[in-house]
Amino acid sequence: MDNNNKTEKNNEKPKPVMSKNQTWTILIMIIVAGLVWMAFMKDKPKIGEKLADEVATTELHHEYRKIPIMGTMAELSLYAEKKLANKAADTARDEFRRVENVCNIFNPQSEISQLNKTAYDKPFKCSNLLWDVLKKSRRAYIISNGAFDITAKPLMDLWGFYRKRGNTLPYKLDIDIAKAKVGMDKVCFDDKAHTVRFNVKGMSFDLGGIAKGYAVDLAVAAVKKLGVNCGIINLGGNMYCMPVPPPGKKDYTIGITNPINKATSCGTILCKDISMATSGNYERYVTIDGVRYTHIMNVTTGKPVRDMLSVTVLTPKAVDSDYLSTSIFINGIDFARKICREYDNTQVLIIHQKPGKNIEVVKIGEIWGTIKVK
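This report concerns the structure included in the present document. If you're wondering where the values come from, they're calculated on a predicted model, not measured in any experiment.

### A word on the pattern of salt bridges
Step number 1: One pass over the structure, following the stated rule, counts eleven salt bridges.
Step number 2: Residue Lys-172 pairs with Asp-176 through a salt bridge whose shortest N-O separation is 2.9 Å. Pair noted here: Lys-172 and Asp-176 are both in helix 8 (residues 172-179), with a separation of four residues, about one helical turn.
Step number 3: For Lys-172, a relative accessible area of 62% corresponds to the exposed category.
Step number 4: One continuous salt-bridge network, built from bridges that share partners, spans Glu-63, Arg-65, Asp-90, Arg-93 and Asp-94.

This is the structure in structure tokens:
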């Protein structure tokens, strides 16, 4: 038996032994592979994360469109694969049209026109979209202490913003008569039935100070749902800059309109993932006896606001930047500071001039940089 065991041991194949050189070679290969993998994973985005660097190094189609809509011009500047970018632009346009079909007071067939015609005689049943706009308008009325009021149309008519008047100022009696038809406190809202009824004959709604911002928010949500996160959606100055900046850029560069010469800018800001709106005395106005009057109405006095040149608001939602720019234009600097304290990521630029005084620029927030008005 001992001889057999010796034979079996002799028949066993010797185990291979690596040389020191081979061992070191394998270790070095493992270390190099690990370093390569770490370098590869260092800047790799998490699943589903869209980074600016990713956009900057990717060949993307730039879809740019100008669309006349809602009494103004919309501009869409979107970056994505071509087919997706086209679909996103079509989707944004369709959202604008959907809001226009409901909220356009100049279209006698629109839902808001039908409401204005009949809401004194009987409660008007609102669609979901119109009710949502009215709900946000009511909130804006409360936040602005009544300054933002969608019932101001009788005063707008009186001052000639919707129909021409002579070269004379309205009489106080006429202003008082118009003011009697103005005020959200004169409207009955049924939150369960989604109906509206006017308590005073001759009342009407004008959604011009909130509908564009509302439409931008709808368009942004629809475009993001498609997977597009790079570009700007701009509806007549109510705009949203998306989270991912354009290829090769770290931010969006936005010019601030000079209220003294609207063909020029008085400064630029760098921003992203933010909404922006400006209310200015240069946007719409009437000239009476050589004096220019802005369309932004103070419903308390029944007269257009004086001394304010422009207000620009940056805040997360476009509907908020829309009505807040109007509200601050009416309520002034102290109200702007209050809003910025109470609402996160909100910044305001005010340009105003009192009679006989120099133009003053008030910047609330760090984003504004150098603003020069000449």
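Following the structure, the description resumes.
### Considerations on the sheet that holds strand 4 (residues 187-190)
Step number 1: Spatially, three strands are ordered 3-5-4 in an open sheet, and the strand pairing comes out antiparallel. Every other strand in the sheet has two partners, leaving strand 3 (124-125) and strand 4 as the edge strands with one partner each.
Step number 2: Relative to strand 5 (residues 195-198), strand 4 is paired through four bridges, and the arrangement is antiparallel. Pairing of Asp-190 across the sheet is with Thr-195, part of strand 5.
Step number 3: The strands touched by helix 6 (residues 128-143) are strand 3, strand 4 and strand 5; relative to strand 4, the strand with the most contacts, the crossing angle is about 125 degrees.

### Regarding unusual backbone geometry
Step number 1: Non-glycine residue Met-70 carries a positive phi angle of around 55 degrees.
Step number 2: By the secondary structure assignment, Met-70 is in the loop between strand 1 (61-69) and strand 2 (72-80).
Step number 3: Here Asn-145, not a glycine, exhibits a phi torsion of approximately 60 degrees, which is positive.
Step number 4: Its place among the elements puts Asn-145 in the loop between helix 6 and helix 7 (153-158).
Step number 5: With a relative accessible area of 64%, Asn-145 lands in the exposed category.

### Describing the packing of helix 9 (residues 211-225) against helix 10 (residues 318-331)
Step number 1: Two elements in contact, helix 9 and helix 10, have axes whose closest approach is 7 Å; the angle formed by their N-to-C orientations is 165 degrees. In terms of their interaxial angle, helix 9 and helix 10 are classed as roughly antiparallel. Handedness of the helix 9/helix 10 crossing: right-handed. Here helix 9 contributes Ala-211, Lys-212, Gly-213, Tyr-214, Val-216 and Asp-217 to the contact with helix 10, which in turn contributes Ala-318, Val-319 and Asp-322.
Step number 2: In the contact of helix 9 with helix 10, the residues fall into five nonpolar, one polar and three charged.

About the cut-offs
- Residues numbered from 1 in each chain as written.
- Predicted model: local features only at pLDDT ≥ 70, side-chain atom pairs only at ≥ 80, totals over all residues.
- Heavy atoms only, no water.
- Salt bridge = Lys/Arg side-chain N within 4 Å of Asp/Glu carboxyl O.
- Helix = DSSP H or I, 4+ residues; strand = E, 2+ residues; numbered from the N terminus.
- Buried < 20%, exposed > 50% of the residue type's maximum accessible area, 1.4 Å probe, protein only.
- Pairing = 2+ DSSP bridges.
- Contact = heavy atoms within 4.5 Å.
- Axes fitted to C-alpha atoms, helices over the stretch in contact; angles between N-to-C directions.
- Parallel < 35°, antiparallel > 145°, perpendicular 65-115°, else oblique.
- Left-handed = near helix turned anticlockwise from the far one by under 90°.
- Nonpolar A, V, L, I, M, F, W, Y, C, P; charged D, E, K, R; others polar.

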